[in-house]
Amino acid sequence: MLILIRVSLPPPPEIDLIRLAFWIGVTLVAAALPVRLPGGVHATITTAPVLAALFDVGLANPFGVCWVAFFGTFEPRDLRGEPKWYGTLFNRADWVISGYAAWLVLFFTRSAVTSGEPFATVLQIVAAGGVFAIVNNLLGLLANSLKTRTPVSRVWALSVSNIVIGLVSQVPLGWLMAEIAMRVGQWAVVLFMVPLLLARFSFSKYTETRELFFGSVSALSQAIDAKDGFTRGHADRVSRIAGAIAREMGLAEKEVELIELAGLLHDIGKIGVEDRILMKPSRLDDDEAELMRRHPIYGKSILEPSIALRPLVPLVLHHHENYDGSGYPNGLSGNSIPLGSRIIIVADAYEAMTSDRVYRKAIGHERAMDQLNRYKSRQFDPKVVRALDALIRSRGVAALEASDLPQIEYETLAELRRRLAAEPLIRDAHAG
Ligand SMILES: [Fe+2]
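Residues numbered from 1 in each chain as written. Predicted model: local features only at pLDDT ≥ 70, side-chain atom pairs only at ≥ 80, totals over all residues. Heavy atoms only, no water.

Colleague: Help me understand the overall build of the protein, please; the structure alone is not making it clear to me.
Modeller: Of the regular secondary structure elements, the protein holds 20 helices and 2 strands. Excluding contacts between residues fewer than 6 apart, the proportion of contacts in the protein whose partners are at least 24 apart in sequence is 68%. As displayed, the protein offers around 22,000 Å² of accessible surface, 63% of which is attributable to carbon and sulfur atoms. (Helix = DSSP H or I, 4+ residues; strand = E, 2+ residues; numbered from the N terminus. Contact = heavy atoms within 4.5 Å. Areas by Shrake-Rupley, 256 points an atom, 1.4 Å probe, with all protein chains shown as cover.)

Shown next, in the form of structure tokens:
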């Protein structure tokens, strides 16, 4: 607000109100089409028209660009009251500060850039646009991180990092829009809606593809739970716990996401284990146990053909390797077991002990941690067990629920099977 007052008092001598209204109008059209990204950040194509206002020399800047940034970036969700009033105010401030910062870059580099000198002009555009994009996105990331209580790195990894090219490409587009408006006429700016809509299309495609991918992985994981006879959402909870441990251990967000996905699909190989073994209510004999131990290898062969799922292969293949080398399938030990697998085995054991099963009640967090501590260094990596312990001590059991993975809100296959089994069988009339 202080910036708006500062640039408006005293008002610049010649304000071209029609020009100002024109850029506000163009920016409002662009702002009407935001795309919600997975991290909660809204991506828009308003960067280009706001920068166009900045580069338009007929606009009495910084007065012009600051007011275009203020009025032009109102989105339909602001009118619906979706972000609270302080959210709307923060977003306006974010745009105004970014616009003003970019103008400062133009102002201080003006003397160094002689008109028409291409190299210096390009450098100036890159510097002003770069400062604009950095300030704008940094403030947006910080706000979302505070709002969702998610680390900035995570919001970045989920949202902006994947569309950064679409955002940066708006910088030269903004400059071109200003040049065309000044040299050809304002009507020609309409043509720029095409590349801007393309940028928007790429944002929404990224979001859709990600949702499709996570939806498919989640459906697969549900199918495994159902076949395994585990309680509802076992793999889903393993995934959340593994992700929370990985984050507690300070792993990069990309790696955390990989571990969460591997947590969802760690037992996918059980599809290849015969039902009579998988569902046997009594103890498995030696031969049956041997067949059961093949499930990580089956998992590898199921995941390997898919390019998107291939990075999960080592994590899934080794999720039954024990820290002392007594596990399977390869008998790896210590740090030669992938860290993701060492995390998943702890999450798997903790989840199995702390949730109710058909054949026994949950043993509770304290006793589960006792068991994990007892078998650390033998079955589990002590560092991973310590991380889980520290996580629960500092943030409570609720910390294990924090995840962006979709909640399970449907009847699982196992529940459907039980329900149908209780209903009388519908006979096919032709079968006699
Ligand atoms: Fe397993």
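Colleague: Explain the nonpolar core here, please?
Modeller: As a rule of thumb, nonpolar side chains are buried together in soluble globular proteins. By size, the foremost hydrophobic cluster in this structure holds 51 residues, and its most contacted members are Trp23, Leu54, Phe55 and Met177. Ranked by size, the runner-up nonpolar core spans 41 residues in total, among them Ala244, Leu309, Val316 and Ile345. (Core = buried A, V, L, I, M, F, W, Y, C linked by side-chain atoms within 4.5 Å. Buried < 20%, exposed > 50% of the residue type's maximum accessible area, 1.4 Å probe, protein only.)

Colleague: What's the story with the coordination of the iron ion in this structure? I'm lost.
Modeller: A metal bound by six donors in octahedral fashion has ideal angles of 90 or 180 degrees, whereas one bound by four tetrahedral donors has an ideal angle of 109.5 degrees. On the protein side, the iron ion has Asp267 (OD), His295 (NE2), His319 (NE2) and His320 (NE2) as donor atoms, found 2.0 to 2.3 Å from it. Given 4 donor atoms and angles of 86 to 175° at the metal, the environment of the iron ion is assigned as irregular. Of note, the iron ion draws all its donor residues from one chain, in the sequence arrangement D-x27-H-x23-H-H. Pair noted here: Asp267 is in the loop between helix H12 (253-265) and helix H13 (275-278) and His295 is in helix H15 (residues 295-303), with a separation of 28 residues, a long-range link. Look at Asp267 and you get buried, because its relative accessible area is 5%. For His295, a relative accessible area of 2% gives the class buried. (Donors = N, O, S within 2.8 Å, 3.2 Å for Na, K, Ca; no water. Tetrahedral: all angles 85-135°; square planar, octahedral: opposite > 155°, others 65-115°.)

Colleague: Can you help me understand helix H7 (residues 118-148) in this one?
Modeller: Since one α-helical turn is 3.6 residues long, residues separated by three or four positions face the same way. For H7, built from 31 residues, the straight-helix expectation of 45 Å at 1.5 Å per residue is met to within 8% by its first-to-last C-alpha distance of 44 Å. One or two positions beyond H7, positive phi appears at Arg149, with a value near 50°. (Expected span 1.5 Å × (residues − 1).)

Colleague: It is not clear to me how the packing of aromatic side chains should be interpreted in this structure. Could you clarify?
Modeller: What characterises a pair of aromatic rings is the spacing of the ring centres plus the angle enclosed by the ring planes. Under the counting rule described, the total for this entry stands at 11 aromatic pairs. Look at Trp67 and Phe70: their rings are 5.7 Å apart centre to centre, the planes differ by 80°, and that puts the pair in the edge-to-face class. Taken together, the residues Trp67 and Phe70, both in helix H4 (residues 63-72) and 3 residues apart, mark about one turn of the helix. Residue classification places Trp67 among the partly exposed residues on the basis of a relative accessible area of 21%. Between the aromatic rings of Phe70 and Phe74, the centroid separation amounts to 6.1 Å while the plane-to-plane angle is 85°, which identifies the pairing as edge-to-face. Owing to a relative accessible area of 15%, Phe70 belongs among the buried residues under this scheme. (Phe/Tyr/Trp six-rings, centres within 6.5 Å; stacked < 30°, edge-to-face > 60°.)

Colleague: Please explain a negative patch on the surface as it appears in this structure.
Modeller: Taken together, the side chains of Asp285, Asp286, Asp287 and Glu290 define an acidic patch exposed on the protein surface. Note on placement: Asp286 falls in helix H14 (residues 286-292). With a relative accessible area of 67%, Asp286 lands in the exposed category. (Patch = residues over 30% accessible without salt bridge, like charges linked within 9 Å, V, L, I, M, F, W, Y side chains within 5 Å. Salt bridge = Lys/Arg side-chain N within 4 Å of Asp/Glu carboxyl O. Lys, Arg positive; Asp, Glu negative; His and termini not counted. Charge placed at Lys NZ, Arg CZ, Asp CG, Glu CD.)

Colleague: Just to check I follow, could you spell out the confidence of the model for the protein for this structure?
Modeller: With 87% of its residues at a pLDDT of 70 or more, the protein has an overall mean of 83. When the elements of the protein are averaged for pLDDT, helix H1 (residues 2-8) gives the smallest value, 67, and helix H16 (residues 313-317) the largest, 96. (pLDDT = per-residue confidence, 0-100.)

Colleague: It is not clear to me how the pattern of salt bridges should be interpreted in this structure. Could you clarify?
Modeller: A side chain with one charge may pair with a side chain of the opposite charge, provided their charged atoms come close. Evaluation of the coordinates by the stated rule reveals 17 salt bridges. The salt bridge partner of Glu253 is Arg247, with a shortest N-O separation of 3.4 Å. Glu260 is the salt-bridge partner of Arg247, the closest N and O atoms lying 3.5 Å from each other. You can see Arg247 sitting in helix H11 (residues 234-248) and its partner Glu260 sitting in helix H12, a full 13 residues away along the chain. Judged by its relative accessible area of 3%, Glu260 is buried. Three or more residues joined by partner-sharing salt bridges are found here, namely Arg247, Glu253 and Glu260.

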